[in-house]
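These are the residues of each chain, in order.
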Amino acid sequence: WWVITNKDEPPAYPGYLPLIGHAHLLIGDTIIVADPNDFLKVANTCFQKDEIYEYAKPWVGNGLATSDALLWKAHRKMLNPAFNPAVLDGFMEMFNSQARRLVKSLEVEAGRGPFDHWAYSRSNALETICFGALGMDFRDKKELFDEYANATEELFSIFSKRFLMIWLHSDFMYNRSELKKRQDKLLTIVHNMSNDILKKKKADLLNCDNVEDKKKGKETIFKPFLDLILELSKERGTFNDEEIREHVDTIIMAGYDASAIVVTYVLVLVGSYPHIQEKVCEELHEVFGDEDRDVTKQDLSKLVYIDAVFKETMRFYPVAPVVARHLDKDIKLRNCTLSKGRTCFMSIYGVHRHPVWGLDAEEFKPERWLDPATLPDVPNAFAGFSMGRRNCIGQAYAGMSIRIILSHIFRNYKVYGDHTKMVAKIDVLLKPVSGYHVQIKKRNK
Ligand code: HEM
């Protein structure tokens with residue numbers, strides 16, 4: 001308590017013994033926010049990410065997720081158009097074909113015992129995001145894909161190992177560690193890939209006149225983010241090559257793991273509740289009949305129950321359970337003031353289990369999303385994509401791709417799971433330690 005600088009600071013772990021209850025202050029001057037209104041206030045008052053985000057900088061540099069507040073403000077404004085609905089409409093066909101690939105790859109498991117479908121969802125999501133971000137088609141380049149996929153997976157695990165090994169927090173110690181040597185090797189693989197593609201794309205762009213495409217109204221045709229960012233740069237002179245590479249790597253880092261985990265959580269949860277799966281299938285039948293056609297944008301607006309399942313899954317198991325800001329000013333909340341200079345952990349998990357969700361907050365209930373009367377009174381009670389201006393830029397992309405995947409999977413397979421046997425842990429993201437075991441059976445058409 002000796003470091004408390006503001007007289008109306010919140011108490012440290014209320015109810016705990018002094019000294020022991022303040023022990024966290026020795027590790028770092030941190031505060032945790034789990035109230036929906038407080039979360040939003042912090043999110044919209046302070047845009048500076050905490051120091052722990054520095055660990056990801058060797059991979060993604062000053063991309064949106066890690067950049068300092070000032071640079072982030074300028075870059076986010078310039079990048080928002082690359083994620084607008086017209087651009088995302090161009091991704092529909094690719095999302096559908098990737099969802100079909102996932103369904104096909106799962107065929108070997110149909111009718112057999114429990115299996116961990118994470119490997120399937122993860123590699124499918126990485127293929128999709130590499131296609132969407134870089135325009136890189138890995139589909140017939142298995143060796144290259146495996147090398148890239150393994151490198152990204154291991155990089156994630158290195159970040160979380162470093163976070164847990166407090167003695168490696170200082171750059172001085174980390175730069176001398178085996179972990180850092182391994183990280184450098186993996187980064188060479190990952191960066192070479194983006195740099196090679198960037199070089200090739202730049203050369204292609206010089207040879208084609210995109211203004212003509214726009215005149216012909218072709219904006220909704222699929223264009224990877226890299227092409228869009230290159231075009232923005234060409235038109236407005238916005239980003240240099242290094243910045244473009246960092247933004248594209250950020251999109252890959254931020255996009256694929258989280259999306260894949262949400263799909264896997266949905267399968268385990270829906271597989272645990274047959275009555276919910278029945279409703280999903282009834283809705284799919286109403287919209288598609290017995291057809292195995294692609295999902296259109298109009299279909300998505302009709303799939304309200306699947307949307308409810310998607311949102312409830314993200315509420316129940318928030319993939320990004322905590323985000324962190326460095327408080328660059330004092331922030332006055334309703335009941336207390338947070339002092340400048342502290343780390344503020346904003347608990348998405350806490351917001352999603354907050355009393356505003358009612359007595360059934362601990363239950364998985366997609367129905368709550370179907371009627372505004374059963375949702376919390378406060379508008380900021382859902383933070384799955386964080387809140388405020390520094391929220392997830394890929395929210396619409398993720399929502400679209402995931403709902404398309406689910407529409408294909410549940411039209412083709414009956415899924416069985418038991419989420420009560422799943423133990424989750426925070427490994428940068430919230431992941432099950434026990435695997436994502438489900439069983440699937442082919443549906444009769
Ligand atoms: C269901 C999947 C996803 C979830 C749950 C998710 C969640 C989040 C959250 C909670 C944040 C805030 C992180 C923080 O403040 O530290 C974030 C930021 C971000 N996400 Fe996502 N995300 C998902 C998918 C995607 C996809 C598909 C993309 C790209 C296509 C993406 C790109 C980004 C980027 C670039 C940021 C940084 C935004 C900024 O600081 O301006 N995300 N995401």
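Provided above is the structure to which this section pertains.
Since we're looking at a predicted model, the values are computed, not measured. (Residues numbered from 1 in each chain as written. Predicted model: local features only at pLDDT ≥ 70, side-chain atom pairs only at ≥ 80, totals over all residues. Heavy atoms only, no water.)

Focus on the packing of aromatic side chains
Thinking step 1. Applying the stated criterion across every chain yields a total of 21 aromatic pairs.
Thinking step 2. For the pair Trp 59 and Phe 159, a centre-to-centre distance of 6.1 Å together with 35° between the ring planes defines the contact as tilted. Of this pair, Trp 59 sits in helix α3 (residues 57-60) while Phe 159 sits in helix α8 (residues 142-164); the two residues are 100 residues apart in sequence, bridging distant segments of the chain.
Thinking step 3. Classification of Trp 59 as buried rests on a relative accessible area of 1%. (Phe/Tyr/Trp six-rings, centres within 6.5 Å; stacked < 30°, edge-to-face > 60°. Helix = DSSP H or I, 4+ residues; strand = E, 2+ residues; numbered from the N terminus. Buried < 20%, exposed > 50% of the residue type's maximum accessible area, 1.4 Å probe, protein only.)

Details of the coordination of the iron atom of the ligand
Thinking step 1. Inspection of the coordination sphere of the iron atom of the ligand shows a single protein donor, Cys 392 (SG), at 2.3 Å.
Thinking step 2. Positionally, Cys 392 belongs in the loop between α17 (348-352) and α18 (395-412). (Donors = N, O, S within 2.8 Å, 3.2 Å for Na, K, Ca; no water.)

Examining the sheet that holds strand β1 (residues 30-33)
Sheet strands line up and pair through hydrogen bonds in the backbone, either parallel or antiparallel.
Thinking step 1. Strand order in the open sheet formed by 3 strands is β1-β6-β3, with mixed pairing between adjacent strands. The open sheet has two free edges, formed respectively by β1 and β3 (322-326), since each of these has just one partner strand. Neighbour-to-neighbour, the strand axes of this sheet turn through a mean angle of 25°, independent of strand direction.
Thinking step 2. Both β3 and strand β6 (residues 343-347) contribute to a ladder of 5 bridges, which runs antiparallel. If you follow Arg 325 over to β6, its bridge partner there is Cys 344.
Thinking step 3. Here helix α2 (residues 36-45) sits on the sheet in contact with β1, β3 and β6, set at roughly 135° to β6. (Pairing = 2+ DSSP bridges. Axes fitted to C-alpha atoms, helices over the stretch in contact; angles between N-to-C directions. Contact = heavy atoms within 4.5 Å.)

Structural notes on the side chain of Arg 76
Thinking step 1. Within the element layout of this structure, Arg 76 appears in helix α4 (residues 69-79).
Thinking step 2. Summary of buried charges: Arg 76 has no salt-bridge partner, and the nearest side chain of opposite charge, Asp 68, is 15 Å away.
Thinking step 3. From its side chain, Arg 76 meets the backbone oxygen of Asn 391 in a polar contact 2.7 Å long.
Thinking step 4. Ignoring sequence-local partners within four residues, the contact set of Arg 76 consists of Leu 64, Arg 389, Arg 390, Asn 391, Cys 392 and Ile 393. (Lys, Arg positive; Asp, Glu negative; His and termini not counted. Salt bridge = Lys/Arg side-chain N within 4 Å of Asp/Glu carboxyl O. Polar contact = N/O pair within 3.5 Å; in protein donor to acceptor, adjacent residues only side chain to side chain.)

So, helix α7 (residues 118-134)
Since the α-helix turns once every 3.6 residues, residues separated by three or four places project in the same direction.
Thinking step 1. If you check α7, its first and last C-alpha atoms are 23 Å apart, about what 17 residues at 1.5 Å a residue would give, namely 24 Å.
Thinking step 2. Most of α7 sits inside the fold, with 14 of its 17 residues counted as buried. (Expected span 1.5 Å × (residues − 1).)

Digging into the sheet that holds strand β2 (residues 115-116)
Thinking step 1. Across the sheet, 3 strands lie side by side as β2-β10-β7; this open sheet has antiparallel pairing. Edge positions in the sheet fall to β2 and β7 (413-417), since each of these pairs with one other strand and no more.
Thinking step 2. Pairing between β2 and strand β10 (residues 437-442): 2 bridges, direction antiparallel. By the bridge assignment for β10, Phe 115 is matched with Val 438.

Thoughts on the site of the ligand
Thinking step 1. Taken together, 30 residues sit near the ligand, with Tyr 53, Trp 72, Arg 76, Arg 390 and Cys 392 positioned nearest.
Thinking step 2. A distance of 2.5 Å is found between an oxygen atom of the ligand and a side-chain nitrogen or oxygen belonging to Tyr 53.
Thinking step 3. Arg 390 places a side-chain nitrogen or oxygen 3.0 Å from an oxygen atom of the ligand.
Thinking step 4. Secondary structure elements with two or more residues in the shell around the ligand: α4, α13 (241-272) and α18.
Thinking step 5. Here the shell around the ligand gets 7 residues from one element, more than from any other, and that element is α13.
Thinking step 6. Taken together, the residues of the shell around the ligand sort by class into 20 nonpolar, 7 polar and 3 charged. (Near = heavy atom within 4 Å. Nonpolar A, V, L, I, M, F, W, Y, C, P; charged D, E, K, R; others polar.)

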